[in-house]
Structure formats: structure tokens, C-alpha cells
Number of protein chains: 2
Amino acid sequence: MLTRIDHIGIACRDLEATVDFYSRTYGFEVFHTEVNQEQGVREAMLRINGTDDGGASYLQLLEPIREDSTVAKWLAKNGEGVHHIAFGTADVDGEAAAIRDKGVRVLYDEPRRGSMGSRITFLHPKDCHGVLTELVTAATPGDDEGR
Amino acid sequence: MLTRIDHIGIACRDLEATVDFYSRTYGFEVFHTEVNQEQGVREAMLRINGTDDGGASYLQLLEPIREDSTVAKWLAKNGEGVHHIAFGTADVDGEAAAIRDKGVRVLYDEPRRGSMGSRITFLHPKDCHGVLTELVTAATPGDDEGR
């Protein structure tokens, strides 16, 4: 079961400038930052609200750190904007398997590491009416390995 | 203060087919449907989770009903995908005024009618790092005029 909008992933060219925009304009604060070498991005998570499944919803601001990262290629084609959306679940493995069985392409064989120690996978946007869609299981509460 | 991700607006060519995709793939259910003549769209709201400000987060699926609607033009240029994101606030008038004072273009002089009797305005995507951004104040609890 997918129980929340976990985050909206936004691709940007300059992470500090974009964080500054969201902070100045809306008062949103940085909850967490990290570099994800595998995904080829630097990122900032802005926590917007808590959710009734015990999680939270974030904006995830993403700046590519390599020209060959998928976010860099996406930015070159589309310019800055919403890159993906992510739904939270307690069981990313089970959800990904069930969704694959329905004929939707799941991009990873096994979930990979996402923000804040989460486990993530992606669904092919062409199978999702144009929306690159991520599934996320947050790290165990209290596991702050990724922070 | 913006207190939640209110919704993610997703432009689609066939509302019934897209609702069916979200229902079959993820189990999301339609919470509300309406036609917004002013915006030139038919829409379905899928409620994903409750939020800790007493509101909720939705997916808003949007199909244009006129060739000259902004969503129709956006679809012709971009294809199906995420059209906008929306933040919820108790005071759309005050937030819009404060954000305008910071130099961000607000697209309406006064908030207009949004989904489920809400009051909405939009911020210019070029002033928001490429993200068309909506501000929403939900209808008074118990006011089901829009449903």
C-alpha cells in the first residue's frame, strides 16, 4: 500500500540558489542535505508537513554533479522543473513486485539507496502517463545513518 | 504560512484512462470529480494521505475541455506529466500578497475558484525555478458546496 506523497523531486541548476528561493519565498527550511554518488546528484530535502501514516512530505531539490547523470540529461532537455514524484510505502520490495506484475516497468531489479537512508525504486514514466514515479521506504525510525 | 503539499496537478489526455491507471496500479480512489469551466478542465482528485495541519494531500488529474485552455496548450507542448504543484495555506490572500512583495509574479489579481470550493492562485513558473506553483486555501470545513 502506498500511504503518502513522500516527496516531489525538483531538478535545478544551482542547489544553493534554489534552496534560497524556497526559503526566502515560502519560509521552507532545509531538513537534510546529501550527495548521492550513484544517482549523480547533490540534494536538499525541505520538510513541508507530517503525514497521517507517521511519515512526512518533502520537496527534494536535485542538482546534478555529473554530466552523464539522468538529472543532468533531463535538465538539458527540459530545463528546471518537477523531475519526479514519490509515494511512500512500508514495503517498497512488495509494492515494486506487485506493480511489475501489472505490466508497469520497474527501473531497478532491487531497490537502491535514496535520501536519508531510504530504499527506492522508479517506475518508467512512459508506463505512468508521463510521470516518472518513485516508490520509497523510509529508513527505520531512529536509523540516522543517512543524515 | 504554507503548511502542506496540497496536491500535485497532473495533465492527461484521457481522464478516465488515467484514473483507471492510478486505481489499478496503486489502489488510489477518486475522492471528488468536477468540471472547472474557468480553468477549462475536467478533473479527478485522488486523496493520498492526511496532513498534520488538518488537511490532506491529493493527486489532481486534469484533462482539458477546450483547445484554448492553459492545460491543453501545456499538453500540446510537453505531453502528459506533472503540470503544477500546490501548497496549502489558511490564508491564500495574505500569502499571495507577501510573495508578490518579494518580486514573484502572482498570476491572478484575486484568488479564483479551485477544486472542492477552494480559493487558489498561481505563481509564475519562470520566477519559481521552472515550477508552476499554486497556493490553495481549502473551503471551510463542512462547506461541501464544491463537491
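For the structure, check the block above.
Source: prediction; values computed, not measured.

Undergrad: Give a detailed account of helix H3 (residues 92-101) of chain B, specifying residues and quantitative values.
TA: Structurally, the α-helix is built with 3.6 residues per turn, so residues lying three or four positions apart point the same way. For H3(B), every residue scored as buried is listed here: Val92(B), Glu95(B), Ala96(B) and Ile99(B). The arc that holds every buried residue of H3(B), seen down its axis, measures 100 degrees, which confines them to one face. For H3(B), the elements touching its buried residues are helix H1 (15-26) of chain A together with strand S1 (2-11), strand S5 (81-89), strand S7 (119-123) and strand S8 (133-137) of chain B. Gly103(B) sits one or two residues past H3(B) and shows a positive phi near 95 degrees.

Undergrad: Outline the nonpolar core, supporting the account with residue identities and numerical values.
TA: Tyr22(A), Tyr26(A), Leu59(A), Tyr22(B), Tyr26(B) and Leu59(B) are the most contacted members of the largest nonpolar core, which has 56 residues in total. Setting aside residues no more than four positions away along its own chain, Leu59(B) makes contact with Ile5(A), Ile85(A), Phe87(A), Ile8(B), Ile10(B), Tyr22(B), Phe28(B), Ala44(B), Met45(B), Leu46(B) and Ile48(B).

Undergrad: Quick one: what's the story with the side chain of Arg4(A), residue by residue and with numbers?
TA: Along the chain, Arg4(A) turns up in strand S1 (residues 2-11). Since its relative accessible area comes to 7%, Arg4(A) is described here as buried. Within the structure, the side chain of Arg4(A) is placed 2.8 Å from the side chain of Asp53(A), a separation counted as a polar contact. Residues contacting Arg4(A), with those up to four places away along its chain left out, are Thr51(A), Asp53(A), Gly55(A), Ala56(A), Ala86(A), Phe87(A), Gly88(A), Thr89(A), Val136(A), Ala138(A), Ile48(B) and Asn49(B).

Undergrad: Can you explain the relation of the copies chain B and chain A? Please cite residues and give values.
TA: Mapping chain B onto chain A calls for a screw motion: a turn of 180 degrees about the axis and a shift of 0.0 Å along it, with 0.0 Å RMSD after fitting. With respect to symmetry, the two chain copies, as superposed, fit the operation of a two-fold axis. Scanning chain B for the C-alpha nearest the rotation axis identifies Thr51(B), at a separation of 2.3 Å. Most of the interface of chain B is mirrored in chain A: 100% of its interface residues are interface residues there too.

Scoring rules and cut-offs
- Residues numbered from 1 in each chain as written.
- Chains lettered and ligands numbered in written order.
- Predicted model: local features only at pLDDT ≥ 70, side-chain atom pairs only at ≥ 80, totals over all residues.
- Heavy atoms only, no water.
- Buried < 20%, exposed > 50% of the residue type's maximum accessible area, 1.4 Å probe, protein only.
- Helix = DSSP H or I, 4+ residues; strand = E, 2+ residues; numbered from the N terminus.
- Arc of directions from axis to C-beta.
- Contact = heavy atoms within 4.5 Å.
- Core = buried A, V, L, I, M, F, W, Y, C linked by side-chain atoms within 4.5 Å.
- Polar contact = N/O pair within 3.5 Å; in protein donor to acceptor, adjacent residues only side chain to side chain.
- Least-squares fit on C-alpha atoms with pLDDT ≥ 70 in both.

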